[in-house]
Amino acid sequence: MTFATRLNAAIVRKRSMTCVGLDPRRDSLPAGIRDAVASNTPDEWAAAYTTFCCGVIDVVADLVPCVKPQVAFFEQLGPAGSISLGQVIEHASRAGLQVIIDAKRNDIGSTAEAYADAYLGSHRAVADHRSVWGGDALTVSPYLGGDSLQPFVDVCDRRAAGIFVLVKTSNPGGGDFQDRLIGDRPLYGHVADMITTFNQSRRDSDGYGPVGAVVGATYPEQLMTLRATLPSSILLVPGFGAQGGSADDVKAARDDNGVGAIVNSSRHIIFAHTRPEYASKYGDDRWQDAVRAATLEMNAQLE
């Protein structure tokens, strides 16, 4: 079963297009986890990140199709953070979730091959198809060109994995390059064309290939256009909630069958215990209840 098939099936089964971003930050952790860090060492903070992220996974696993660990927050802790990231990925995989590793990697030639080999290949796969990190999918930058994407697509073919290519990102500065016209079309439109070419001979029975696209909720008009331009790509939509994207904006990312898109929310869910509407009801002691309530709220908003 391909990554796209697995993810779309999970969207239908969970009745959810929510992707929970796992972005652990020291100062936002629940007090009980933060205060247990006694010696302020990377090892102790890494253990706290594992405890926190696995606690999030435990309460959302039956509600959402996927999670997205953000590698940067783990890398801040050095080698100890890498161990924590591996533990979190494995826990999510064992919980039945699709795991999208948000590392935005790419390079050329053998370096791209090494990135793809390292990250793509779920823990659920048979031994010779696993990767050391065990991801189902990986975020990838396209700006080194098609030959830099090919190694990732090749590994997707061998391991039933997926990638999400940065197309139209949610940050305000993304347009500095992505919106530049080449001929009469913006650069992101040309990236979309390349993605479609990669997927053309790789589509599953639902019409989706392994190469998805990152398209921000903060640009709803472009999101609607790219949904039509990328009929064979699952869209990963950041920018919902804390960054300002609305539910009406992101619903346009779905296809006519209600699949083909996932909407990421990170701090709005995982740190829900700090939001006034949940802090008064749950507080730090019941932070997992706040996470679950915020996830249920987002699912309802996106129905």
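What you see is a predicted model; the values in this text were computed from it and never measured.

Criteria and cut-off values
- Residues numbered from 1 in each chain as written.
- Predicted model: local features only at pLDDT ≥ 70, side-chain atom pairs only at ≥ 80, totals over all residues.
- Heavy atoms only, no water.
- Buried < 20%, exposed > 50% of the residue type's maximum accessible area, 1.4 Å probe, protein only.
- Helix = DSSP H or I, 4+ residues; strand = E, 2+ residues; numbered from the N terminus.
- Pairing = 2+ DSSP bridges.
- Right-handed = clockwise from strand over helix to strand, strands pointing away.
- Contact = heavy atoms within 4.5 Å.
- Salt bridge = Lys/Arg side-chain N within 4 Å of Asp/Glu carboxyl O.

A. Local environment of the pairing of strand 8 (residues 211-215). Counting buried residues in strand 8 gives five out of five residues, a clear majority hidden from the surface. Residues Val 211, Ala 213 and Val 215 line one face of strand 8 and the alternating positions Gly 212 and Val 214 line the opposite face, and both faces are buried. The sheet contact formed by strand 8 and strand 9 (residues 235-237) spans two bridges and is parallel. Looking at strand 9, one finds that Val 214 is bridged to Leu 236. Tracing the backbone out of strand 8, into helix 10 (residues 220-229) and back to the parallel element strand 9 gives a crossover that is right-handed.

B. Focus on the environment of Glu 303. Inspection of the secondary structure puts Glu 303 in the segment after helix 14 (287-301). Classification of Glu 303 by relative accessible area gives exposed; the value is 65%. Separated by 56 residues in the primary sequence, Glu 303 and Ala 247 place their C-alpha atoms 9.1 Å from one another. Among all residues touching Glu 303, those that are not within four sequence positions of it are Lys 251 and Arg 254.

C. The arrangement of the pattern of salt bridges in detail. Following the criterion strictly, the structure yields 14 salt bridges and no others. Ionic pairing is found between Lys 68 and Asp 102, a salt bridge with its closest N-O pair at 2.8 Å. Highlighted residues: Lys 68 in strand 2 (residues 66-69) and Asp 102 in strand 3 (residues 98-105), separated in sequence by 34 residues. Judged by its relative accessible area of 7%, Lys 68 is buried. In this structure, the salt-bridge partner of Asp 136 is Arg 124, at a minimum N-O distance of 2.8 Å. Of this pair, Asp 136 sits in the loop between helix 6 (109-119) and strand 4 (137-140) while Arg 124 sits in the loop between helix 6 and strand 4, and the two are 12 residues apart along the sequence. For Asp 136, a relative accessible area of 1% translates into the label buried. Assessed through its relative accessible area of 38%, Arg 124 is described here as partly exposed. Taken together, the salt bridges that share partners define one network made up of Arg 6, Arg 124 and Asp 136.

Distances and angles like these do not, on their own, reveal function.
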